[in-house]
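Structure assessment
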Amino acid sequence: MDIQELLGMTCGTFPGWSLDQAIDVIRRNEFAVCELTPALYFGAESFSSPARSALRKELSCFRTVTVHVSPAMYLKGQRINYWSPEGERDDITSQDKDIRRRSVDDGLSYIELGVDIGASRVTYHPGLGDPRSSEAEKRSAWLEFAQEAVERALKMRRQDARKE
C-alpha cells in the first residue's frame, strides 16, 4: 500500500470554517483520508438526513472517511461547539446517571452518522473522566459503552446492508 493512501487530515484543523470549506481544502491537497469532527458543527444531531446524504456524496472522493467524537459541551443547557471552563461536559464515566446516559446516547448517535455518511471508522476521545470515579470505574464505564457501541454498529450495518 502506498503511504499516501494512509495520510489524511481532520476537519478539526479548521475551526471556524464551514464544513464544506474544510473538506474542500483536504480534497484539493489530495489527502486520501478525511476525518469529520462533528463537535465543531454542534454534534451528530445537527446533521439532517438530506445533509447526511449530501455529505456522503461530498466525502465519496476519499479513500477513507472517519468520524472523531469528542465529548459534547453544554453552557447554560445549550450545546456549544467549543470548550468552556464554565460549561458542563458530557462524560461517560460520570457518577451522575443523567449525565452518563446523555453522554452514552450522544456517543452512540455518531455511529448512525458514520453509517449515513459512509465512514469506515468512528473513534472516540474519552476525556479525563469524572474525577470522583476511580480508574477501575472509568474503565468499566468505557467498556460498557464500547459493548453498547458494538451492538449499535452491528445493528446499523445490518440495516445499511438491507438498503443496498
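Residues numbered from 1 in each chain as written. Predicted model: local features only at pLDDT ≥ 70, side-chain atom pairs only at ≥ 80, totals over all residues. Heavy atoms only, no water.

1. So, the pairing of strand S3 (residues 64–69)
This is how the line gets drawn: Here the term buried applies to any residue with accessible area under 20% of the maximum for its type, exposed to any over 50%, and partly exposed to those in between, with areas from a 1.4 Å probe on protein chains only. Helix numbering and strand numbering both begin at the N terminus, where a helix is a DSSP run of H or I of at least 4 residues and a strand a DSSP run of E of at least 2. What makes two strands pair is DSSP finding at least two bridges between them. With its strands directed away from the observer, a crossover is right-handed exactly when the path from the first strand over the helix to the second travels clockwise.
Burial of S3 is extensive: 6 of the 6 residues sit out of reach of the surface. Of the two faces of S3, the one carrying Thr64, Thr66 and His68 and the one carrying Val65, Val67 and Val69 are both buried. Note: strand S2 (residues 33–36) against S3, 4 bridges, orientation parallel. Across the sheet, residue Val33 finds its bridge partner in S3, namely Thr64. Once you follow S2 into helix H2 (residues 49–59) and on to S3, the crossover reads as right-handed. Pairing analysis gives 4 bridges linking S3 to strand S7 (residues 121–124), with the strands arranged parallel. The residue bridging Val67 from the neighbouring strand is Val122, located in S7.

2. Details of the layout of surface pockets
Basically, it comes down to this: Cavity means a closed set of points on a 1 Å grid over the protein atoms alone, one where a 1.4 Å probe fits but cannot get out, pocket means an open set with protein on both sides within 12 Å along at least 5 of 7 lines, and lining means a residue has an atom within 4 Å of a point. Grid points are joined across faces, edges and corners, and a volume is the space filled by probe spheres set on the points. Three classes are used: nonpolar for Ala, Val, Leu, Ile, Met, Phe, Trp, Tyr, Cys and Pro, charged for Asp, Glu, Lys and Arg, and polar for all others, with Gly counted as polar.
In this structure, the largest pocket occupies an estimated 350 Å³ of space. Around the largest pocket sit 16 residues that line it, and Val115, Ala119, Ser120, Ala153 and Arg157 are the ones nearest its centre. Looking at the lining of the largest pocket, the elements with two or more residues in it are helix H3 (97–117), S7 and helix H4 (135–163). With 6 residues, H4 is the single largest residue contributor to the lining of the largest pocket. Residue classes in the lining of the largest pocket are distributed as 9 nonpolar, 3 polar and 4 charged.

3. Remarks on empty space enclosed by the protein
If you walk through the whole model with that rule in mind, you get 1 cavity of 30 Å³ or more. Estimates place the volume of the largest cavity at around 110 Å³. Along its surface, the largest cavity is lined by 14 residues, and Ser70, Pro71, Ile92, Ser103 and Trp142 are the ones closest to its centre. Take the lining of the largest cavity: its biggest share by element is 3 residues, from H3. A class-by-class count of the residues in the lining of the largest cavity yields 7 nonpolar, 4 polar and 3 charged.

4. As for the packing of aromatic side chains
Selection rule: Centres within 6.5 Å make a pair out of two Phe, Tyr or Trp rings, where for Trp the six-membered ring is used; the pair is then stacked when the planes are under 30 degrees apart, edge-to-face when over 60, and tilted otherwise.
Applying the stated criterion to the full structure yields 3 aromatic pairs. Here the aromatic residues Tyr124, Trp142 and Phe145 are joined through ring pairs into a cluster of three or more.

5. Quick word on the packing of H3 against H4
Defined as follows: Note on definitions: angles span 0 to 180 degrees between N-to-C directions of axes, and those axes are lines fitted to C-alpha atoms, for helices only across the stretch in contact. Note that the term roughly parallel is reserved for angles under 35 degrees, roughly antiparallel for angles over 145, roughly perpendicular for angles of 65 to 115, and oblique for everything else. Crossings are assigned a handedness: left-handed for a near helix turned anticlockwise from the far helix by less than a right angle, right-handed for a clockwise turn. When checking whether two residues touch, look at their non-hydrogen atoms; a contact exists if any pair is within 4.5 Å.
As a packed pair, H3 and H4 sit with axes 9 Å apart at the nearest point and diverge in direction by 30°. Judged by the inter-axis angle, H3 sits roughly parallel to H4. The two elements H3 and H4 meet at a crossing, and its hand is right-handed. Counting all contacts with H3, which are made through Arg100, Arg101, Val104, Gly107, Leu108, Ser109, Ile111, Glu112, Val115 and Asp116, the residues of H4 involved are Ala141, Phe145, Glu148, Ala149, Arg152, Ala153, Met156, Asp160 and Lys163. Considered class by class, the residues forming the contact of H3 with H4 number 9 nonpolar, 2 polar and 8 charged.

6. What to know about the confidence of the model for the chain
We count it as follows: For every residue, the pLDDT score states the predictor's confidence, bounded by 0 at the bottom and 100 at the top.
When pLDDT is averaged across the chain, the result is 90; 99% of the residues are at 70 or more. When the elements of the chain are averaged for pLDDT, strand S5 (residues 78–80) gives the smallest value, 84, and H2 the largest, 97.

7. Some words on the pattern of salt bridges
Convention followed: Any Lys or Arg side-chain nitrogen located within 4 Å of an Asp or Glu carboxyl oxygen qualifies as a salt bridge.
In total, this model carries 13 salt bridges according to the counting rule given. Note that Arg63 and Glu5 form a salt bridge whose closest N and O atoms lie 2.8 Å from each other. Taken as a pair, Arg63 in the loop between H2 and S3 and Glu5 in the segment before strand S1 (8–10) lie far apart in primary sequence, 58 residues in all. Assessed through its relative accessible area of 30%, Glu5 is described here as partly exposed.

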